[in-house]
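Breakdown of the fold
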Amino acid sequence: MKQVHIATFGCQMNERDSQTMARVMNGCDYRITERMEQADLILINTCSIRRKAEEKTYSLLGRLKDLKNRNPGLVIGVGGCVAQQEGPRLLERVPHLDLVFGTRMIHQLPALIEEVRSGKNRLSRIEMVQGELYVRDLLMAPGCSPGLKASVTIMQGCNNYCAYCVVPYVRGPEESRGSREILAEVEALAAEGVQEILLLGQNVNSYGLNREGELTFAGLLDLLEKVPGLERIRFTTSHPKDLSPELMGCFGRIANLCEHIHLPVQAGSNSVLERMNRGYTRQDYLKKIDQLKARCPGIAITSDFIVGFPSETEADFEETMDLVKAVQFDDIFSFKYSNRPQTPASNFPDQVAEEEKGRRLMELQTYQKKVTLSKHQTLVGTIQQVWVEGNSKKSPQDRMGRTRTNKIVNFPGPPDLLGKTVPVRIEKAYINSLKGVVV
Ligand code: SAH
Ligand code: SF4
Ligand code: F3S
């Protein structure tokens, strides 16, 4: 049996796609290996959201040159967002690369690899095919358990064209999967023992809108509420402009929907938001935050930020800081603006100096760290319902679980707590986790 090693960069969608790659290759007699030196085939699933992410692909490819020299039978393929963006240019730039396959080519991998092997041709295939890619029976290798948690892709692509973002170009137009197929996949997963699912899409809030007669995202959540054995539902990502009252009303009403929303705002200044083409104002966003908090007190809210977007002034940045102070997010991800090929913003004037971006990022992150920690500290002494999903990273003899609000809790307890929900009294707060004891 041949062996395939799959390296994954990028977002949860890429991780889910790598599972599909694994299953597809499994179906034609490849075994997965964690060890690159043993592989007959290395697939790199790449990310191009920021320049740094893209560079990881090139540095890994650089390291693979020796391996390829020692083992000429080794086939190296690059898929994902850098593959889609660069196509044949990647083959030119990297002479020891055999195959470039786009984000909508995963199901064709066996045929492409066969073509490379038999003809010794180097190939680049990056067509943007439309239609269903995430076939249910591709999900699990026979005899393999999917575990306690699983991700389900409910849509692919994006139509929003935020001025800084490569996703619409590398993932293609937005397409929702049929709700019946999603339901069937979730039911199959739950029957195999999966208790928590994460619904994935670049903008799950617009789920179904481009598919005639389809449910809305809120309707889909209602459908999934009733799946037997499904303890928790999460989803990501939500675009603020499409966050409907109907969807807000799902929190606190749908029993297995966790009280957490990731709602990327990107910036706090209206002129920056407008140039980003985000489709909402600071006031719209703050109003939705108020509505969420009013409907579902205790909901955890997280967000993404970009600092140093072209022409962002010090005053614009201060508005971002003001917004962060007003909302008091549970946590944020924040990035320096990175200039991406094909995107409108890459041609905008007044690019902000790298040093200045660094300073703004530091100020934002320093403030948020304090908020995150103090939110965790307010939980000390409370009892939280924790769903146990594994072992503590730092001390493997302890268990690890999460609150419904997605906070990590480590605590001592027997291994058979796995997959159970237990009440835990919080005793210590850290920046990235909580520590407690079962009561
Ligand atoms: N679809 C999701 C975001 C996917 S990308 C959404 O709209 O919310 C994840 C995050 O990467 C974005 O929220 C943004 O904060 C960041 N990002 C995207 N393009 C970027 C760029 N060119 N430079 C810096 N950060 C970027
Ligand atoms: Fe990118 Fe905007 Fe689409 Fe998110 S919504 S993937 S940031 S274009
Ligand atoms: Fe990166 Fe592509 Fe995801 S660019 S963030 S892997 S959609």
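Everything below is about the structure printed above this text.
If you're wondering where the values come from, they're calculated on a predicted model, not measured in any experiment.

**A short note on the sheet that holds strand β14 (residues 331–336)**
In a beta sheet, neighbouring strands pair by backbone hydrogen bonds and run either parallel or antiparallel. The strand order across the open sheet formed by three strands is β12-β13-β14, and the pairing between neighbours is parallel. A strand with exactly one partner marks an edge of an open sheet, and here the two such strands are β12 (260–262) and β14. On average, adjacent strands in this sheet sit at an angle of 10° to one another, irrespective of strand direction. Bridging between β12 and strand β13 (residues 300–307) involves three bridges; their strand directions are parallel. Each residue of the ladder has a partner; that of H260, found in β13, is A300. Strand contacts of helix α13 (residues 354–377): β13 and β14, with the helix running at about 175° to β14, the strand carrying the most contacts.

**Observations concerning α13**
It helps to recall that an α-helix has 3.6 residues per turn; residues three or four apart then point in one direction. In a regular helix each residue adds 1.5 Å, so 24 residues correspond to 34 Å; α13 covers 34 Å between its end C-alpha atoms and thus fits that length. Three or more residues of α13 are buried, namely K357, R360, L361, L364, Q368, V371, T372 and H376. On its buried side, α13 packs onto β13, α12 (314–327), β14, β18 (421–429) and β19 (434–438).

**Overview of unusual backbone geometry**
The bulk of non-glycine residues show a negative phi, and the bulk of peptide bonds are trans. The linkage connecting T236 with the following residue, T237, adopts the cis geometry, with an omega of 0°. Turning to its location among the elements, T237 is positioned in the loop between β11 (232–236) and α9 (245–248). The backbone of N277 sits at a positive phi, close to 65°, despite the residue not being glycine. Positionally, N277 belongs in the loop between α10 (270–276) and α11 (282–295). A residue is classified by how much of its surface remains accessible, and N277, at 42% relative accessible area, is partly exposed. Backbone geometry at D350 places phi at a positive 55°, although glycine is not the residue there. For D350, the location among the structural elements is in the loop between β14 and α13. A relative accessible area of 55% means that D350 is categorised as exposed.

**So, the site of ligand 1**
Q202, P264, Q266, D304 and S338 are the nearest of the 15 residues found near ligand 1. Side-chain polar atom of Q202 to a nitrogen atom of ligand 1: 2.8 Å apart, as the coordinates give it. Q266 places a polar side-chain atom, nitrogen or oxygen, 2.7 Å from an oxygen atom of ligand 1. Burial of ligand 1 by the protein amounts to 89% of the accessible area it has alone, namely 540 Å².

**Regarding the pattern of salt bridges**
With the rule as written, the count across this model stands at 30 salt bridges. Two residues, R340 and E54, come together in a salt bridge whose shortest N-O distance is 2.4 Å. Remark: E54 occurs in helix α2 (residues 51–70) and R340 occurs in the loop between β14 and α13; sequence separation between them is 286 residues.

Calculation notes
Residues numbered from 1 in each chain as written. Chains lettered and ligands numbered in written order. Predicted model: local features only at pLDDT ≥ 70, side-chain atom pairs only at ≥ 80, totals over all residues. Heavy atoms only, no water. Pairing = 2+ DSSP bridges. Helix = DSSP H or I, 4+ residues; strand = E, 2+ residues; numbered from the N terminus. Axes fitted to C-alpha atoms, helices over the stretch in contact; angles between N-to-C directions. Contact = heavy atoms within 4.5 Å. Expected span 1.5 Å × (residues − 1). Buried < 20%, exposed > 50% of the residue type's maximum accessible area, 1.4 Å probe, protein only. Near = heavy atom within 4 Å. Polar contact = N/O pair within 3.5 Å; in protein donor to acceptor, adjacent residues only side chain to side chain. Areas by Shrake-Rupley, 256 points an atom, 1.4 Å probe, with all protein chains shown as cover. Salt bridge = Lys/Arg side-chain N within 4 Å of Asp/Glu carboxyl O.

None of the figures reported here should be taken as evidence of function without further support.
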